[in-house]
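Spelled out, the chains give:
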Amino acid sequence: METIDKIKQQISENPIILYMKGSPKLPNCGFSSQASQALMSCGEPFAYVDILLNPDIRAELPAYANWPTFPQLWVDGELIGGCDIIIEMFQRGELQPLITETAAKYNEADAE
Ligand SMILES: N[C@@H](CCC(=O)N[C@@H](CS)C(=O)NCC(=O)O)C(=O)O
Ligand code: FES
């Protein structure tokens with residue numbers, strides 16, 4: 001599959017997905033570590049892609065996203081932002097409701 005199609009599929013199939021360096025359990029960069037920790041603290045499962053293991057995605061996602069760096073958090077098909085934005089939303093109490101509501105929306109859809 002073309003990289004761009006892979007990216008589109010990942011974003012459409014996973015309501016909460018973090019593109020990061022390393023994994024949430026073993027992040028490979030401080031920015032990815034902070035972002036995944038904030039996201040984990042919201043208590044909902046989320047998908048992730050380790051871009052260090054996927055150099056094609058690392059190369060192509062920034063142009064598609066119009067966002068130059070990693071991590072990248074995508075929720076419900078839309079780019080939320082990188083580490084700074086994730087931490088800011090977390091500190092303002094905005095991350096938790098976004099994640100909770102998104103998880104609830106898709107759990108509901110699954111149950112139908
Ligand atoms: N201020 C950025 C910090 C992230 C950042 O600077 N990431 C760099 C270093 S990890 C990056 O992704 N560079 C491109 C690359 O490594 O492919 C944010 O809010 O996410
Ligand atoms: S890998 Fe060096 S700052 Fe992220």
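Each value, and the rule that gives it
Residues numbered from 1 in each chain as written. Chains lettered and ligands numbered in written order. Predicted model: local features only at pLDDT ≥ 70, side-chain atom pairs only at ≥ 80, totals over all residues. Heavy atoms only, no water. UniProt positions renumbered as here; feature names shortened; annotations may be inferred. Helix = DSSP H or I, 4+ residues; strand = E, 2+ residues; numbered from the N terminus. Rg over C-alpha atoms; globule rule 2.2 N^0.38 Å. Contact = heavy atoms within 4.5 Å. Areas by Shrake-Rupley, 256 points an atom, 1.4 Å probe, with all protein chains shown as cover. Phe/Tyr/Trp six-rings, centres within 6.5 Å; stacked < 30°, edge-to-face > 60°. Axes fitted to C-alpha atoms, helices over the stretch in contact; angles between N-to-C directions. Parallel < 35°, antiparallel > 145°, perpendicular 65-115°, else oblique. Nonpolar A, V, L, I, M, F, W, Y, C, P; charged D, E, K, R; others polar.

Under an unreviewed UniProt entry, the name given to the protein is Glutaredoxin, and the source organism is Pseudoalteromonas arctica. In its Subunit (unreviewed entry) section, the UniProt record describing the protein reads: "Homodimer." Under the heading Subcellular location (unreviewed entry), UniProt records this for the protein: "Cytoplasm".

Turning our eyes to something else, we now look at the overall build of the protein. Secondary structure summary: the protein contains 5 helices and 4 strands in total. Seen in sequence order, the protein has helices and strands lined up from the N terminus as α-β-α-β-α-β-β-α-α. On C-alpha atoms alone, the protein measures out to a radius of gyration of 13 Å, which is about the 13 Å that the 2.2 N^0.38 rule sets for 112 residues. A principal-axis box enclosing the C-alpha atoms of the protein has dimensions of 35 × 35 × 25 Å. Contacts in the protein between residues far apart in sequence, at least 24 positions, make up 60% of those at least 6 positions apart. A total accessible area of about 6400 Å² is found for the protein, and carbon and sulfur atoms account for 50% of it.

Remark: the centre distance and the inter-plane angle together describe each pair of aromatic rings, the angle taken between the planes. Applying the stated criterion across every chain yields a total of 1 aromatic pair. On the numbers, 6.1 Å between centres and 15° between planes, the contact of tyrosine 64 with tryptophan 74 is stacked. In this pair, tyrosine 64 is assigned in helix H3 (residues 55-65) and tryptophan 74 in strand S3 (residues 72-75), connecting sequence segments 10 residues apart.

We now examine the packing of helix H1 (residues 3-13) against H3. At a minimum axis separation of 9 Å, H1 and H3 run at an interaxial angle of 75°. It follows that H1 is roughly perpendicular to H3 by the angle criterion. In this structure, H1 contributes Thr3, Ile4, Lys6, Ile7, Lys8, Gln10 and Ile11 to the contact, and H3 contributes Asp56, Ile57, Glu60, Leu61 and Tyr64. Taken together, the residues of the contact of H1 with H3 sort by class into 6 nonpolar, 2 polar and 4 charged.

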